[in-house]
Amino acid sequence: MLSTAKRVGNRIIGHPEQTVTTISTETYLKGLVKDPRHEAVNYLTSLFPILGWISRYNWGWLTGDLIAGLTVGMVLVPQGMSYAQLATLPPQYGLYSSFVGVLVYCFFATSKDVSIGPVAVMSLTVAQIILAVDSKYPGKWNAPLIATTLAFVCGFIVLGIGLLRLGWLVEFIPTPAVSGFMTGSAINIVAGQVPGLMGITGFDTRAATYKVIINTLKGLPHTTLDAAWGLTGLFALYAIRIICDQLSKRYPRRTRFFFFVSVTRNAFVVIVLTIAAWLYCRDHKTASGKYPIKILQTVPAGFQNVGAPVINRELVNALAPHIPVATIILLLEHIAIAKSFGRVNGYKINPNQELIAIGVTNTLGTVFHAYPATGSFSRSALKSKSGVRTPLAGVITAMVVVVALYGLTPAFYWIPNAGLSAVIIHAVADLVASPSQAYSYWRVSPLEFIIWLAAVLVTVFSSIENGIYTSIAASFALLLIRVAHPRGYFIGKVTLTRNSAESREVFVPLRKDGVTNQYVKVDPPAPGVIVYRFEESYLYPNCSLVNSIIVDYVKGNMRRGIDFSAIQLADRPWNDPGPTRSNSQAAEAANNEKPVLHAIVLDFSGVSHIDTTAVQALIDTRNEVQRWANRPIEFHFATILSPWIRRALVAAGFGIGTPAVELSNEIAPVVPYRGGRREKWWDDASSSSIKDIETHSESLPPTSGTVPIVPIETPFFHFDLTSAVRAAEAGVEKPGERAETPPVKYI
């Protein structure tokens, strides 16, 4: 009864009576999750990478971390306050974000070089979001609350992406797209800071970049005394940097000394400008309490109002349209920087863990009223060059920030705003892609250069948000175009020789592809054999195009099997009526000159995935070419990379059957049997025949001798292209008797 029900069920679902051994879902799932308990423990321990190296910490590492931590701290303090002003927040909020970023990242980092904290692009984005929310809800929420809430929501989203191990999503955004909006953002920031550098007011410095540039040029006659501090500071920053670089080249032995002198230029310039502002402003205060130049004035000491964040649901709803762009900036900027320094310094980061670090930093940062923070390229480069050894250098940097918060805030009172603008311009200018970098995009991929250029132009003439969306949308469009319009070639053979002694055959495209020498003679396969090479996965977006390419090539180069001259016009199909009576003889003569199609060889070496729609398209291709040739056509497959591709092709009726000519199998030595599921292999060295092996399918595989490298159940699947072409051409050279092809199975 049970066997009858099983037989009926198999008939209903179309299960074949004779099955071919293929990979099963059960095997896949067992390989995916081998030891759930062990995997869970590994997952939990991977959340805290510090556990893997803190027990080996030593005095040698401490020296490098101490130097790097102090060096980054001297740069982070002035930059943090500068970026807070860029975000339209009081300067102390930049120090809050700086402290939390460098401290928390230490415990979750997989990169020793990255320094987390306030950055220019994120700060400008926060400023634009604050402006947008405040314009829609005037005076309802203050700027710090908006920024803190944004940090919490974005941090929570990024944390979720990291915990769910979805960091691979970031890989969909290519380097030119990231570089494009970063370049546009840097230009936007520099343009917005120039008015502050010159003391020019009276217009919105966060408008589109071209408007800011025009208004700045109009306001040059109204430059104030702030320019004396701003321009002097900017000149000093670049002068120290250039002089130290030149002296390092001239005196290589003093390179490290000049490097640290150059590193301190931010702190040095800010200190000098602050002293100059104090000396000048203390005696020029007006009756109304104003100073002749803009200075920071009071900066509260220590952490203010530390506690649980206040998350307002209505504010979260107001921030919803802006959360995607802020989250994308957090993701992209940090991962790009971490990967870059990992490549340079010879280690590999874990993108998912880096996202967890960013998420935890921004989520916990709201306790200290920090605003969104991510990886900083300039400070990470500084940290790397300073000789950092482990992420623990962040703790040293955090101590520097705490000292600044509790001990130096009275001195911050006299820091000129124009000096902070100079610090921002000096730091951000390095984010602009160099001409050589832009040209390299053009040389590598002109289409990606266009994406880079579009991102720059949209960011400059519109906004950072639109620039990011443009670069991402264009990148996705290019990816889809490449998948939907894959490159593929009909290929032939070239015989290569070396020293007139050794020779071998290789397969290259029949048409000139710009890779091989154009004067090399390419021999087509034997008449009646077509060889086509895929260069992309065979999926639903491209399968129809590939189907058309193969079928059109067959109709253009192979003989039609039906003689239309013997068929009445009324009996011909409407969409393929064949030649007219007037030219039927000439058409028939031309048709007879073409070879009879015998086999099609498909090189799957570039195919990593295949889906249901593509398999159906392959079935349609087989039906169309067999209808054209009016005879069965062999389909040979070479270099199948995945057992799932093999399973899909077998389900569609490919690979099985009897070839026109059966060649001897290529064999290889076996390994000792250790148990497990066996397939029907032929041991050429054993005394058993194929029939005996198939009859006793449960017997053990051979423990010695040789077996075919691919299963004998699928004679049309070949290990490489050479064996596939040889098998296809053998049928042309020695036709013999053909076995009927298996019925076509539609899915």
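Residues numbered from 1 in each chain as written. Predicted model: local features only at pLDDT ≥ 70, side-chain atom pairs only at ≥ 80, totals over all residues. Heavy atoms only, no water.

How would you explain the sheet that holds strand β10 (residues 717-718) if you had to name every residue and give the values?
Taken together, six strands build an open sheet; the order of strands is β4-β3-β5-β6-β7-β10 and the sheet is mixed. Edge strands, defined here as strands with exactly one partner in the open sheet, are β4 (502-509) and β10. Across three bridges, the pairing between strand β3 (residues 488-498) and strand β5 (residues 529-534) is antiparallel. Residue Tyr489 lies in a different strand from β5, and its bridge partner there is Arg533. Its contacts with the sheet put helix α23 (residues 543-557) on β3, β5 and β6 (599-603), and the angle it makes with β5 is roughly 160°. (Pairing = 2+ DSSP bridges. Helix = DSSP H or I, 4+ residues; strand = E, 2+ residues; numbered from the N terminus. Contact = heavy atoms within 4.5 Å. Axes fitted to C-alpha atoms, helices over the stretch in contact; angles between N-to-C directions.)

Explain the pattern of salt bridges to me, using residue names and the numbers behind them.
The full count for this structure, using the stated rule, is nine salt bridges. In this structure, Lys140 engages Glu314 in a salt bridge whose closest nitrogen and oxygen atoms are separated by 2.4 Å. With Lys140 in the loop between α6 (120-136) and α7 (143-163) and Glu314 in helix α13 (residues 313-319), this pair connects stretches of sequence that are 174 residues apart. Between Asp430 and Arg241 there is a salt bridge, with its nearest N and O atoms 3.3 Å apart. (Salt bridge = Lys/Arg side-chain N within 4 Å of Asp/Glu carboxyl O.)

Talk me through empty space enclosed by the protein; I want residue IDs and the actual numbers.
Following the criterion strictly, the structure yields two cavities of 30 Å³ or more and no others. If you go around the largest cavity, the residues you meet are Ser97, Val100, Gly101, Ala151, Thr361, Asn362, Gly365, Ala370, Tyr371 and Ala373. Looking at the lining of the largest cavity, the elements that each hand over two or more residues are α5 (91-108) and α15 (351-365). Here the residues of the lining of the largest cavity sort into five nonpolar, five polar and no charged. What the second largest cavity holds in volume is close to 30 Å³. What lines the second largest cavity is Gly101, Val102, Tyr105, Cys106, Val114, Ser115, Ile116, Lys383, Pro391 and Gly394. For the lining of the second largest cavity, the secondary structure elements donating two or more residues are α5 and β1 (115-117). Ranked by the residues each element gives to the lining of the second largest cavity, the list is headed by α5, at four residues. (1 Å grid on protein atoms, 1.4 Å probe; cavity = no way out; pocket = protein on both sides within 12 Å on 5 of 7 lines; lining within 4 Å. Points joined across faces, edges and corners; volume = space filled by probe spheres on them. Nonpolar A, V, L, I, M, F, W, Y, C, P; charged D, E, K, R; others polar.)

Describe the packing of aromatic side chains, naming the residues involved and giving the relevant values.
Counted under the stated rule, the structure contains 33 aromatic pairs. Between Phe152 and Phe156 the ring centres are 6.4 Å apart and the planes differ by 15°, which places this aromatic pair in the stacked class. Of this pair, Phe152 and Phe156 both sit in helix α7, four residues apart, which is roughly one turn of the helix. You can call Phe156 exposed: its relative accessible area is 53%. With centroids separated by 5.0 Å and ring planes inclined at 75°, the aromatic side chains of Phe534 and Phe604 adopt a geometry described as edge-to-face. Separated by 70 residues along the polypeptide, Phe534 in strand β5 and Phe604 in the loop between β6 and α25 (612-629) bring together distant segments of the chain. For the pair shown, Phe534 and Phe604 are each scored as buried. An aromatic cluster is defined as three or more aromatic residues linked by ring pairs; in this entry it consists of Phe490, Tyr532, Phe534, Tyr538, Tyr553, Phe604, Phe635, Phe637, Phe654 and Phe717. When the ring centre of Trp278 is taken as reference, the NZ or CZ atom of Arg282 above it lies at 4.4 Å. Over the aromatic face of Phe654 sits the side chain of Arg622, whose NZ or CZ is 4.2 Å from the ring centroid. (Phe/Tyr/Trp six-rings, centres within 6.5 Å; stacked < 30°, edge-to-face > 60°. Buried < 20%, exposed > 50% of the residue type's maximum accessible area, 1.4 Å probe, protein only. Lys NZ or Arg CZ within 6 Å of the ring centre and 35° of its normal.)

Before we move on, can you summarise the pairing of β3 with the specific residues and values?
With eight bridges connecting them, β3 and β4 associate as antiparallel partners. In the strand pairing of β4, Lys493 is matched with Phe507.

Go over the environment of Ala381 with me, naming the residues and quoting the values.
Structurally, Ala381 is set in helix α16 (residues 377-385). Judged by relative accessible area, which is 16%, Ala381 ranks as buried. For the pair Ala381 and Ile337, spaced 44 residues apart in sequence, the C-alpha separation works out to 9.2 Å.

Talk me through the environment of Ile337; I want residue IDs and the actual numbers.
For Ile337, the position within the fold is in helix α14 (residues 323-345). By relative accessible area, which is 5% here, Ile337 ends up buried. With residues near it in sequence (within four places) discarded, Ile337 still touches Val114, Gly375, Ser376, Phe377 and Ser380.

Now, about the packing of helix α4 (residues 59-86) against helix α17 (residues 393-407): what can you tell me, with residues and values included?
One can describe the packing of α4 onto α17 by two numbers: an axis separation of 7 Å at closest approach and a directional angle of 40°. Looking at the two axes, α4 sits oblique to α17. In this structure, α4 meets α17 at a crossing whose hand is right-handed. Between α4 and α17, the residues in contact are Asp65, Leu66, Ala68, Gly69, Leu70, Val72, Gly73, Met74, Leu76 and Val77 and Ala393, Ile396, Thr397, Val400, Val401 and Ala404, respectively. Here the residues of the contact of α4 with α17 sort into 12 nonpolar, three polar and one charged. (Parallel < 35°, antiparallel > 145°, perpendicular 65-115°, else oblique. Left-handed = near helix turned anticlockwise from the far one by under 90°.)

So what about a nonpolar patch on the surface? Which residues, and what values?
Together, Trp168, Leu169, Phe172, Phe476 and Leu479 give the surface a local cluster of nonpolar side chains, amounting to about 460 Å² of exposed area. The residue Leu169 is located in the loop between α7 and α8 (175-198) in this model. For Leu169, a relative accessible area of 41% puts it in the partly exposed group. (Patch = residues over 30% accessible without salt bridge, like charges linked within 9 Å, V, L, I, M, F, W, Y side chains within 5 Å. Areas by Shrake-Rupley, 256 points an atom, 1.4 Å probe, with all protein chains shown as cover.)

Requested: an account of the pairing of β5, with residues and values cited.
Counting buried residues in β5 gives five out of six residues, a clear majority hidden from the surface. One ladder, built from five bridges, connects β5 with β6; its direction is parallel. Bridge pairing in β6 links Val531 to Val601.

Nothing here speaks to function; it is geometry throughout.
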